[in-house]
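These are the residues of each chain, in order.
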Amino acid sequence: MKWVTRKNANVDRVACPWLIKRFIDPGAGCLYAEGERVRAVAEAEGATPYDVKDVGLGHMDGRCSFESILLKYELQDPALDRLAKIVHGADVSSDRDICPEAAGLYAIAHGFALVHGDDDHEKIRLETPMYDALYAWCAKEIGSS
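In this text, all values refer to a predicted model and were calculated from it rather than measured experimentally. (Residues numbered from 1 in each chain as written. Predicted model: local features only at pLDDT ≥ 70, side-chain atom pairs only at ≥ 80, totals over all residues. Heavy atoms only, no water.)

Participant: Sorry if this is basic, but what is going on with the overall build of the protein here?
Facilitator: Looking only at helices and strands, one finds 6 helices and 3 strands in the protein. Helices and strands in the protein line up, N terminus first, as β-α-β-α-β-α-α-α-α. Taken against the 2.2 N^0.38 rule, which gives 15 Å for 145 residues, the C-alpha radius of gyration of the protein at 14 Å falls within 12% of a compact globule. Viewed in the frame of its principal axes, the protein has a C-alpha envelope of about 45 × 35 × 30 Å. Put simply, the protein has 145 residues, and 43% of those count as buried. By element, 52% of the accessible surface of the protein is carried by carbon and sulfur atoms, the whole surface being about 7400 Å². Across the protein, the 17 positively charged side chains and the 24 negatively charged ones have centroids separated by 1 Å. (Helix = DSSP H or I, 4+ residues; strand = E, 2+ residues; numbered from the N terminus. Rg over C-alpha atoms; globule rule 2.2 N^0.38 Å. Buried < 20%, exposed > 50% of the residue type's maximum accessible area, 1.4 Å probe, protein only. Areas by Shrake-Rupley, 256 points an atom, 1.4 Å probe, with all protein chains shown as cover. Lys, Arg positive; Asp, Glu negative; His and termini not counted. Charge placed at Lys NZ, Arg CZ, Asp CG, Glu CD.)

Participant: Got a minute to help me understand the nonpolar core in this structure?
Facilitator: One broad trend across soluble globular proteins is that nonpolar side chains are buried collectively. Of all hydrophobic cores here, the largest spans 36 residues; its most connected members are Leu19, Phe66, Leu83, Val87, Leu105 and Tyr131. Residues within four places of Phe66 in sequence aside, it is in contact with Asp12, Ala15, Cys16, Trp18, Leu19, Leu80, Leu83, Ala84 and Val87. Among the nonpolar cores identified, the runner-up in size contains 8 residues, and Ala42, Ala47, Val52 and Val55 belong to it. (Core = buried A, V, L, I, M, F, W, Y, C linked by side-chain atoms within 4.5 Å. Contact = heavy atoms within 4.5 Å.)

Participant: I keep staring at the sheet that holds strand E3 (residues 48-49) and nothing clicks. Help me out?
Facilitator: Hydrogen bonds along the backbone pair up the strands of a sheet, which may run parallel or antiparallel. Strand order in the open sheet formed by 3 strands is E2-E1-E3, with parallel pairing between adjacent strands. Among the strands making up the open sheet, the edge pair consists of strand E2 (29-33) and E3. (Pairing = 2+ DSSP bridges.)

Participant: How should I be thinking about the packing of aromatic side chains in this particular structure?
Facilitator: Under the criterion given, the structure shown has 6 aromatic pairs. Their ring planes at 35 degrees and their centres at 6.0 Å tell us that Trp18 and Tyr131 sit as a pair that is tilted. Taken together, the residues Trp18 in helix H1 (residues 11-23) and Tyr131 in helix H6 (residues 120-143) connect sequence positions 113 residues apart. On the basis of an interplanar angle of 70 degrees and a centroid distance of 5.3 Å, the ring pair of Phe23 and Tyr135 is categorised as edge-to-face. Note that Phe23 is positioned in helix H1 and Tyr135 in helix H6, a separation of 112 residues in sequence. Residue Phe23 is classed as partly exposed on the basis of its relative accessible area of 30%. Joined through ring pairs, the aromatic side chains of Trp18, Phe23, Tyr131 and Tyr135 make up one cluster. The ring of Tyr73 has Lys72 lying over it, and the distance from NZ or CZ to the ring centre is 5.8 Å. Above the plane of the ring of Tyr106 lies Arg96, whose end atom (NZ or CZ) is 3.8 Å from the centre. (Phe/Tyr/Trp six-rings, centres within 6.5 Å; stacked < 30°, edge-to-face > 60°. Lys NZ or Arg CZ within 6 Å of the ring centre and 35° of its normal.)

No statement about biological role is implied by the geometric values presented.
In structure tokens form, the structure reads like this:
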């Protein structure tokens, strides 16, 4: 599968490829395009667009793209639900206080963006272990509830 989104990835556009590769398609490829070109690239490459306006895997009905992907692919895992809440708060500024971890993820993700600029593949490569660790923490927290 190929997936495509807007260039200059940050919270949601880094968390989504992690989710896709870990739980939907380990061989998935992620493409990045200028915002207005995402749909054309999706059509030309046979890719699934995400985190762009007016697509099913975007911000809809109060969800961020990570949450929309969870819903569409029926990923039912309490640890992923906990992680989705953190990603949502980090990505949606009006919901930053949804949980304390959201502000931390926001700061870390924006730090990666500051250090690595528009090198989206490098941000994903470097942040993947962070999402693995955060998912493991969520699983432990859910297990201890």
